[in-house]
Each structure stands twice: as structure tokens, then as C-alpha cells.
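Topology and contacts: notes
Each chain, letter by letter, is given below.
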Amino acid sequence: MFLRAPLGRNLKELRLVSVNISLDTILLCVSGFESLIDLTLPRDFAASNPIDFCRRLLRARPTLTKLDLGFRANFDDACVRIVCDGLSLTHLDLSGLGNLTPGTLDIIVESTSARTLRSVAVYAPRSEVQVFTSAAVLRLVRGCPELSDLSLETAGDAYYWTPDEDGQNNDAIDEVIDSRGGSFEVGQYFCPDCMCKNLQ
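Described in the following lines is the structure provided in the data block. (Residues numbered from 1 in each chain as written. Predicted model: local features only at pLDDT ≥ 70, side-chain atom pairs only at ≥ 80, totals over all residues. Heavy atoms only, no water.)

Some thoughts on the packing of helix 2 (residues 23-32) against helix 3 (residues 50-60)
Defined as follows: Structural elements are reduced to axes, namely lines fitted to C-alpha atoms, with helices fitted over the stretch in contact, and the angle between N-to-C directions of any two is expressed from 0 to 180 degrees. In DSSP terms, a helix is any run of H or I states spanning at least four residues, a strand is any run of E spanning at least two, and both are numbered starting from the N terminus. Note that the term roughly parallel is reserved for angles under 35 degrees, roughly antiparallel for angles over 145, roughly perpendicular for angles of 65 to 115, and oblique for everything else. Left-handed is the label given to a crossing in which the near helix is rotated counterclockwise from the far helix by less than a right angle, and right-handed is the label when the rotation is clockwise. Contact definition: two residues touch when any of their heavy atoms are within 4.5 Å. Each residue gets one of three labels, nonpolar for Ala, Val, Leu, Ile, Met, Phe, Trp, Tyr, Cys and Pro, charged for Asp, Glu, Lys and Arg, and polar for the others, Gly among them.
Viewed as axis vectors pointing N to C, helix 2 and helix 3 meet at an angle of 25°, and their least axial separation amounts to 8 Å. With respect to each other, helix 2 and helix 3 are oriented roughly parallel. Read as a crossing pair, helix 2 and helix 3 show a hand that is right-handed. Residue-level inspection shows Leu23, Asp24, Ile26, Leu27, Val30 and Ser31 of helix 2 in contact with helix 3, the latter providing Phe53, Arg56, Leu57 and Ala60. The class makeup of the residues in the contact of helix 2 with helix 3 is seven nonpolar, one polar and two charged.

Looking at the environment of Ala172
Structurally, Ala172 can be placed in helix 7 (residues 163-179). Put simply, Ala172 and Val141 are 31 residues apart on the chain and 9.5 Å apart in space, counted from C-alpha to C-alpha.

Quick look at unusual backbone geometry
Located in the positive-phi region is Asp44, a residue other than glycine, with phi close to 60°. Secondary-structure assignment places Asp44 in the loop between strand 2 (38-40) and helix 3. Within the chain, Arg72 stands out as a residue other than glycine whose phi angle is a positive 65°.

As for the pattern of salt bridges
Heads up, the rule is: Counted as salt bridges are all cases of a side-chain nitrogen of Lys or Arg within 4 Å of a carboxyl oxygen of Asp or Glu. Using a 1.4 Å probe on the protein chains alone, a residue whose accessible area is under 20% of its type maximum counts as buried, one over 50% counts as exposed, and one in between counts as partly exposed.
The full count for this structure, using the stated rule, is five salt bridges. For Asp38, the salt bridge identified is with Arg15, shortest N-O distance 3.2 Å. Linking Asp38 in strand 2 with Arg15 in strand 1 (residues 13-15), this pair joins segments that are 23 residues apart in sequence. For Arg72, the salt bridge is made with Asp44, and the minimal N-O distance between the two is 2.9 Å. Placement of Arg72 in the loop between strand 3 (66-68) and helix 4 (77-86) and of Asp44 in the loop between strand 2 and helix 3 is noted, with a sequence separation of 28 residues between them. What makes Arg72 partly exposed here is its relative accessible area of 27%. For Asp44, a relative accessible area of 31% corresponds to the partly exposed category. Salt bridges sharing common partners tie together Glu13, Arg15 and Asp38.

Quick look at the packing of aromatic side chains
Filter applied, for reference: Stacked, tilted and edge-to-face pairs are distinguished by plane angle, under 30 degrees for stacked and over 60 for edge-to-face with tilted covering the rest, among Phe, Tyr and Trp rings (Trp via its six-membered ring) whose centres lie within 6.5 Å.
According to the stated counting rule, one finds four aromatic pairs in the structure shown. For the pair Phe45 and Phe53, a centre-to-centre distance of 5.0 Å together with 55° between the ring planes defines the contact as tilted. Of the two residues, Phe45 and Phe53, neither departs from the other in class, the shared state being buried. An aromatic cluster is present here, built from Phe45, Phe53 and Phe75 joined pairwise through their rings.

Structural data, given as C-alpha cells:
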């Protein structure tokens, strides 16, 4: 009934952060909301077959332009490739995705969405910081000509990069983002494990 209501037809943004919802219901909503362009998947989302889910998501709403894959969801590089190749994304949030590898950002650069991405957001625990190295992020920025809003945050007292090892790349990223009139943030976000558990 909700899908057939005027609100359902006009809904452009769907945020399911803390919602307990089945995979099939998500796909039903995505397919039914004709104007939907902005989707946030649930926290700790765990599709039994994440690759199949991503393919079904594309078929359900190929016009999505903003996608948050869900904090601590079980998506991997293959899933990132599917959504970035199958959609023309302007925004992508990869926060907390523990199955990503150091090749993730290069996959984005090689995808269809590289031409359209304007913003990328990442929050990563310390164990995932190595995925988002300064060299990889610099390749991402240079490979996505519209990218002007970049936010990288890590937990606790562990900064992403150090001045000695990453200063030159950091300056180059700043220069490119500044030339596009954008914003680049890299730093800490206080999020102890106990707080994260309370937010589940």
C-alpha cells in the first residue's frame, strides 16, 4: 500500500541505517519507489549472497546515484565493482566494510562511476586503514575528475597517515580537491567498540 501511495512514488531518499528489514523487502522498496536516487543500506547488513544482491539491486533501480553500502556490511571488492560499473554514482559511502582490499579504490577508478563521482566517504576501524593508503586515495582523486568532497576517518587515536610517509601525497590530494572547490578531510573519529555495539 505504501509503495502505491503518492509519497512512495515521490520518495527520492531511503535511509535504512537501523532498520531490521529483509533483503527481499529492500529490493521491493527500491523497485517500487520510482523516484529513488539515494539509498543507505542497514548497519551490519549481511546478504547471504552479496554479489547476487548487488546485481538484483541494479536491476531494481538502475538510476540510483547515491549509495551507502551499510556500516559493517559484508560487501567485498566484487560488489564494489558491480555497483560502480552498473550505476552512475555521484556519492559512495564505504564505511566499515571489512571485506575490502587495497585494490578497492583502483576498482572505482576503472569503473563507470569514476566519471560521475563527486563525493566519497569512509569511516574505517584501524584494521582497515591499510585499504585506504594515501597513494591509493591520490589515484582515486586523479582518476575521478568530478570528485571534490572526500572524507576519511578512523577510530580512536590511530590517524590514517603520517607526515613523513604520506605528506607528499596528502598535499597533492589537497591541491587537486582545492582546485575543484571542494573539501578534503582526513582524521580521527572517536568510536570505541563499546559505543559501536550500543548503536547496533
